[in-house]
Amino acid sequence: MDTGFVGGSAHRSVWIGANILVVRPGLVIGDRRQRHLMRVLENNGIDVLPLQLTHFRALGGGFQRATLDVRRAGTPEKYRF
């Protein structure tokens, strides 16, 4: 299992590699180094596209943090935080 450590300390959560991106119902993209997670998903009927996101720790997350919607339904909205 990918423990998240680089050198002597963890730069992000040790579980950051468990992040997945749902493409559609029944299909996810996951870190190929998370073999156990991939097996669990596949054993539960979910197809897995195993890829490697090299710099995911710098992004603070997995594949869902490295994606951006290119098309959305509806009109533009303004959000306040």
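Residues numbered from 1 in each chain as written. Predicted model: local features only at pLDDT ≥ 70, side-chain atom pairs only at ≥ 80, totals over all residues. Heavy atoms only, no water.

Examining the overall build of the protein
Helices and strands together make up the secondary structure of the protein, namely two helices and five strands. Seen in sequence order, the protein has helices and strands lined up from the N terminus as β-β-β-β-α-β-α. Considering only residue pairs separated by 6 or more positions, the protein has 32% of its internal contacts joining residues 24 or more positions apart. Accessible surface for the protein amounts to roughly 6,600 Å². Of this, 55% is attributable to carbon and sulfur atoms. (Helix = DSSP H or I, 4+ residues; strand = E, 2+ residues; numbered from the N terminus. Contact = heavy atoms within 4.5 Å. Areas by Shrake-Rupley, 256 points an atom, 1.4 Å probe, with all protein chains shown as cover.)

Here we look at the pairing of strand 4 (residues 27–31)
Counted residue by residue, strand 4 has five buried out of five residues, so it is predominantly covered. Looking at chain direction, strand 3 (residues 20–24) and strand 4 are connected through four bridges and run antiparallel. By the bridge assignment, V22 is partnered in strand 4 with V28. Joining the antiparallel neighbours strand 3 and strand 4 is a turn of two residues, in which G26 adopts a positive phi near 90 degrees. Strand direction decides the pairing type here: strand 4 and strand 5 (residues 47–51), joined by five bridges, are parallel. Note that in strand 5 the partner of G30 across the bridge is P50. (Buried < 20%, exposed > 50% of the residue type's maximum accessible area, 1.4 Å probe, protein only. Pairing = 2+ DSSP bridges.)

Some remarks on the environment of G26
Relative to the helices and strands, G26 resides in the loop between strand 3 and strand 4. Judged by its relative accessible area of 31%, G26 falls in the partly exposed class. A sequence separation of 16 residues divides G26 from E42, and the C-alpha atoms of the two residues are 9.5 Å apart. For G26, the residues in contact, after removing those within four places along its chain, are I46 and D47.

Points about the environment of P25
Among the secondary structure elements, P25 is positioned in the loop between strand 3 and strand 4. Exposure remark for P25: the relative accessible area of 76% places this residue in the exposed category.

Regarding the pattern of salt bridges
Working definition: two side chains of opposite charge can pair if their charged atoms are close together. This model, assessed by the stated rule, comprises one salt bridge. Between D31 and R33 there is a salt bridge, with the nearest N and O atoms lying 2.9 Å from each other. (Salt bridge = Lys/Arg side-chain N within 4 Å of Asp/Glu carboxyl O.)

Notes on the sheet that holds strand 5
One open sheet accounts for three strands, arranged 3-4-5; its pairing is mixed. The open sheet has two free edges, formed respectively by strand 3 and strand 5, since each of these has just one partner strand. Within this sheet the neighbouring strands show an average axis-to-axis angle of 25 degrees, counted without direction. (Axes fitted to C-alpha atoms, helices over the stretch in contact; angles between N-to-C directions.)

With respect to the side chain of D31
Summarising the element assignment, D31 is placed in strand 4. Given a relative accessible area of 4%, D31 falls into the buried group. Within the structure, D31 has its side chain in polar contact with the backbone nitrogen of R33 (distance 2.9 Å). (Polar contact = N/O pair within 3.5 Å; in protein donor to acceptor, adjacent residues only side chain to side chain.)

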